[in-house]
Amino acid sequence: DAGITQSPRHKVTETGTPVTLRCHQTENHRYMYWYRQDPGHGLRLIHYSYGVKDTDKGEVSDGYSVSRSKTEDFLLTLESATSSQTSVYFCAINGRDSSSYEQYFGPGTRLTVT
Amino acid sequence: QKEVEQDPGPLSVPEGAIVSLNCTYSNSAFQYFMWYRQYSRKGPELLMYTYSSGNKEDGRFTAQVDKSSKYISLFIRDSQPSDSATYLCAHWPSGTYKYIFGTGTRLKVLA
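Predicted, not measured: the structure shown is a model, and the values here were computed from it. (Residues numbered from 1 in each chain as written. Chains lettered and ligands numbered in written order. Predicted model: local features only at pLDDT ≥ 70, side-chain atom pairs only at ≥ 80, totals over all residues. Heavy atoms only, no water.)

### Digging into the overall build of chain A
Heads up, the rule is: A run of DSSP states H or I qualifies as a helix once it reaches four residues; a run of E qualifies as a strand once it reaches two. Both are numbered from the N-terminal end. Computation of the radius of gyration draws on C-alpha atoms, with the globule rule given as 2.2 Å multiplied by the number of residues to the power 0.38. Any pair of residues with heavy atoms lying within 4.5 Å of one another is described as a contacting pair. Each accessible area is a Shrake-Rupley estimate made with a 1.4 Å probe; only the visible protein chains count as cover when residues are assessed. Here Asp and Glu are counted as negative and Lys and Arg as positive; His is not counted, and neither are the chain ends. All charge positions are set by atom: Lys at NZ, Arg at CZ, Asp at CG, Glu at CD.
Helices and strands together make up the secondary structure of chain A, namely 0 helices and 11 strands. Its C-alpha atoms give chain A a radius of gyration of 13 Å, near enough to 13 Å, the size a compact globule of 114 residues would have. With respect to the principal axes defined by its C-alpha atoms, chain A has extents near 40 × 30 × 25 Å. Contacts in chain A between residues at least 24 apart in sequence constitute 54% of all its contacts with a sequence separation of at least 6. Accessible area of chain A: about 5,200 Å², with a carbon and sulfur share of 46%. Side chains of chain A give 12 positive and 13 negative charges; the mean places of these two sets differ by 3 Å.

Structure (C-alpha cells):
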C-alpha cells in the first residue's frame, strides 16, 4: 500500500458545475499525477506536480486545473463539468525518490457528469 | 501513430497456459519500460520494469525488450485465474516525468 487516498470515490454531478477531486499521500513524495482512464484510450495524463506550487500540463489538460499547496495534497478541479469528463480519475505518486521510475496509483474516483 | 500500441483483447486462455502480452512503441529514445496489472475497479499496480534491452524474470513473469524492433513483451507462465486483469505497458522517456501508457490488454484465464 503506497499510502495514497482519493476522495470522493464516487461522484455524480450535473453539467456546468465545478468539481474538485482530492488526492492525499502519506509518503512525502515530490511528484504527483492526475490521470483519467477511458475505454479505448487507456491512462491519459491530465496534470502533474513536481513540488509544492509547481505543476505542469499533460496531454488532456483542457477544462482542468490543479493546485498543490502542501506536499501531501494534490487537487484536481473541473471548472465547469461536461459530459465528456465522465471518467475514472486516478492519482499517482512517483517512486521512492526523485530518480525512481515506479509509479503508485490511488484507488480511483469514478465521476459521472449528467 | 500512437507512441505506444497494445492489442486491447480480450485474450482468453485456459489455466496453466503460457500468456504472451505485447506492446510496440515508436520513440527510440524510450529506455525504461514497465508493466502494470489492473484488476477491475482498482488502480494499476506495478508488476515489472526493465531498462534498455533484454529479459527480466520475476517468478512466473518475464519481461522482454527488443529495442531493434521497438517491441516489448510480458510472458506469464502457468497462468492462473487470479491473473485475469488488464495489463498495461508503460514507458518513462529519459529526462521527463511524463509516463506514457498503452491502452491495456484485457486477459481472462479460464479455470
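### Let's talk about the sheet that holds strand β7 (residues 64–70) of chain A
All names here are of chain A. Which entries qualify depends on this criterion: When DSSP locates at least two bridges between a pair of strands, those strands are taken to pair. Here an axis means a line fitted to C-alpha atoms, over the contact stretch when the element is a helix, while the angle between two N-to-C directions is reported on a 0 to 180 degree scale.
Here we have 4 strands laid out as an open sheet, ordered β1-β3-β8-β7, and antiparallel in their pairing. Edge positions in the sheet fall to β1 (4–7) and β7, since each has one partner strand and no second. Averaged over all adjacent pairs, the angle separating strand axes in this sheet is 20°, with direction ignored. Pairing of strand β3 (residues 19–25) with strand β8 (residues 73–78), which is carried by 6 bridges, proceeds in the antiparallel orientation. Opposite cysteine 23, over in β8, you have phenylalanine 74 as the bridge partner.

### Thoughts on the environment of aspartate 83 of chain B
Residue and element names in this part refer to chain B. Rule in force here: The buried label applies to any residue whose accessible area, calculated with a 1.4 Å probe on protein chains only, is under 20% of its type's maximum; exposed applies above 50%, and partly exposed to all values in between.
As for its position among the elements, aspartate 83 is in the loop between β8 (71–76) and β9 (85–93). Since its relative accessible area comes to 1%, aspartate 83 is described here as buried. With 46 residues separating them in the primary sequence, aspartate 83 and arginine 37 have C-alpha atoms 8.7 Å apart. Not counting the four nearest positions on each side in its chain, aspartate 83 is found in contact with Arg37, Arg60, Phe61, Ile76, Leu107 and Val109.

### Section: the interface of chain A and chain B
For clarity, the threshold we go by: Here the buried area means the combined drop in accessible surface, using a 1.4 Å probe, for two parts upon being joined, counting both sides. A pairing counts as a salt bridge when a side-chain nitrogen of Lys or Arg comes within 4 Å of a carboxyl oxygen of Asp or Glu. A 3.5 Å cut-off defines polar contacts: any pair of N or O atoms within that distance qualifies, except that in protein one atom must be a possible hydrogen donor and the other a possible acceptor, and neighbouring residues in sequence count only when both atoms are side-chain atoms. Note that Gly is not counted as nonpolar here; it falls among the polar residues with everything else outside the nonpolar set of Ala, Val, Leu, Ile, Met, Phe, Trp, Tyr, Cys and Pro and the charged set of Asp, Glu, Lys and Arg.
Taken together, the contact between chain A and chain B spans 24 residues of the former and 19 residues of the latter. Summing both partners gives a buried area of about 1,800 Å² for chain A against chain B, and 57% of it is carried by carbon and sulfur. Considering only the side of chain A, the residues that lose the most area to chain B are Leu43, Tyr101 and Phe105 of chain A, jointly responsible for 33% of the buried surface there. Taken together, chain A and chain B are joined by 0 salt bridges. At the junction of chain A with chain B, the criterion picks out 4 residue pairs in polar contact (both at pLDDT 80 or more). Listed by contribution, the elements that provide at least two residues to the side of chain A that touches chain B are β4 (32–38), β5 (42–51), β6 (54–57), β9 (87–94) and β10 (103–105) of chain A. If you tally residues by element for the side of chain A that touches chain B, the top one is β5 of chain A, at 4 residues. Residue composition of the side of chain A that touches chain B, grouped by class: 10 nonpolar, 10 polar and 4 charged.

### Some words on the nonpolar core
Note that soluble globular proteins tend to have their nonpolar side chains buried in a common cluster. Residues and elements named next belong to chain B. Heads up, the rule is: Here, the term nonpolar core denotes a set of buried Ala, Val, Leu, Ile, Met, Phe, Trp, Tyr and Cys residues that are joined through side-chain atoms within 4.5 Å.
If you look at the biggest cluster of nonpolar residues, it comprises 23 residues, and the most contacted ones within it are Leu21, Trp35, Ile72, Leu74, Ile76, Tyr87 and Leu107. Mapped onto this core, the elements with two or more residues apiece are β3 (19–25), β4 (30–38), β5 (45–51), β7 (61–66), β8, β9 and β11 (105–110). When residues of this core are assigned to their parent elements, the largest contribution, 4 residues, is made by β3.

### A few points about the packing of aromatic side chains
Heads up, the rule is: Between 30 and 60 degrees the pair is tilted, below 30 it is stacked and above 60 it is edge-to-face, where a pair is any two Phe, Tyr or Trp rings, Trp via its six-membered ring, whose centres lie within 6.5 Å.
Overall, the coordinates contain 14 aromatic pairs over all chains when judged by the stated rule. An angle of 45° between the planes, with centres 5.0 Å apart, marks the rings of tyrosine 25 of chain B and phenylalanine 33 of chain B as tilted. An identical accessibility class is assigned to tyrosine 25 of chain B and phenylalanine 33 of chain B; each is buried. Through a chain of ring-to-ring contacts, three or more aromatic side chains come together here, namely Tyr33, Tyr35, Tyr48, Tyr50, Phe90 and Phe105 of chain A together with Tyr32, Tyr36, Trp92, Tyr99 and Phe101 of chain B.

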